[in-house]
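# Topology and contacts: notes
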Amino acid sequence: MQDDVRIHLHPVRAEQLIMLAEKWRCNSNEAVERLIRERIAAGELPDSTPGLEVAAFGNVVAFKIDFDRTPPMSWQQAMKISQALGRLAEGKMQGFRCAYSEDTILVFARKGDLHTISFTSPEHKKAVSVTPSILEDLSRQFRTAAMGAKANKTGQANGAQRALPQPEQAAVAHA
């Protein structure tokens, strides 16, 4: 996943984007994010975040950052992360960490106007920057995956995706 991508617009479209941003009282980046989220809500785009994959598999939830998978977590842990991500996106906290072990940690933190998601383990170190809007998407995706894993555990039908390989064991995350 690239941290910063430039998209060239025809000057007329750029002016229209600026007009939308002024109408919505936001910047042009936030206007684009709003348009994308509207298309997700309308079902025209998948409710996923490229480079940041959250999925239920069986009764656990897995999270991948640019193809580096964190240890699996219980549906309850994923729900706690969902709630904390929502608070972080709203500016109600500066960050939080999920410690799987002494040297395997997932951290979500505010860095200026952006947020970082970093995963550190003995084999991997990965960090990406995201906007508050992307954190809101991830919060929703963690909640959806948590509910899918819960349904799989309790036998309730939910239609949870099984996109990631089955993990061998669930690890403990503290949100």
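Above this note sits the structure.
What this report covers is the structure whose coordinates are included nearby. None of these values were measured; they are calculated from a predicted model.

### Quick word on the overall build of the protein
Looking only at helices and strands, the protein features four helices and eight strands. Mapped from its N terminus to its C terminus, the protein presents α and β elements in the order α-α-β-β-β-β-α-β-β-β-β-α. Sequence-distant contacts, at least 24 apart, represent 53% of the contacts inside the protein between residues at least 6 apart. When the accessible surface of the protein is summed, it comes to about 10600 Å², and 51% of that surface belongs to carbon and sulfur atoms.

### So, the sheet that holds strand β6 (residues 104–111)
Across the sheet, which stays open at both edges, the four strands sit in the order β5-β6-β7-β8 with antiparallel pairing between neighbours. Only two strands of the sheet have a single neighbouring strand rather than two, namely β5 (95–101) and β8 (125–130). On average, adjacent strands in this sheet sit at an angle of 10° to one another, irrespective of strand direction. In this structure, β5 lies alongside β6, joined through six bridges in antiparallel fashion. Bridge pairing in β6 links C98 to L106. Of the strands in this sheet, β5, β6 and β7 (114–120) are in contact with helix α3 (residues 75–89), which crosses β5 at around 155°.

### So, a nonpolar patch on the surface
Together, V5, I7 and L9 make up a nonpolar patch on the protein surface, roughly 310 Å² of accessible area in all. For L9, the location among the structural elements is in the segment before α1 (11–24). Its relative accessible area of 44% is what places L9 among the partly exposed residues.

### A short note on the nonpolar core
Counting 30 residues, the largest nonpolar core has F63, L106, F108 and I117 as the members making the most contacts within it. At the level of elements, β1 (52–57), β2 (60–65), α3, β5, β6, β7, β8 and α4 (132–154) are the ones that each hand at least two residues to this core. A per-element tally of this core places α3 first, with eight residues. Apart from the residues within four sequence positions on either side, I117 is in contact with L52, F63, I65, L106, V107, F108, K126, A127, V128, V130, L135 and L138.

### Some remarks on α1
Side chains of residues three or four places apart in an α-helix project in the same direction, reflecting 3.6 residues per turn. Spanning 14 residues, α1 covers 20 Å between terminal C-alpha atoms, matching the ideal 20 Å at 1.5 Å per step. Looking one or two residues past α1, R25 carries a phi angle of roughly 55°, positive in sign.

The rules behind these values
- Residues numbered from 1 in each chain as written.
- Predicted model: local features only at pLDDT ≥ 70, side-chain atom pairs only at ≥ 80, totals over all residues.
- Heavy atoms only, no water.
- Helix = DSSP H or I, 4+ residues; strand = E, 2+ residues; numbered from the N terminus.
- Contact = heavy atoms within 4.5 Å.
- Areas by Shrake-Rupley, 256 points an atom, 1.4 Å probe, with all protein chains shown as cover.
- Pairing = 2+ DSSP bridges.
- Axes fitted to C-alpha atoms, helices over the stretch in contact; angles between N-to-C directions.
- Patch = residues over 30% accessible without salt bridge, like charges linked within 9 Å, V, L, I, M, F, W, Y side chains within 5 Å.
- Salt bridge = Lys/Arg side-chain N within 4 Å of Asp/Glu carboxyl O.
- Buried < 20%, exposed > 50% of the residue type's maximum accessible area, 1.4 Å probe, protein only.
- Core = buried A, V, L, I, M, F, W, Y, C linked by side-chain atoms within 4.5 Å.
- Expected span 1.5 Å × (residues − 1).

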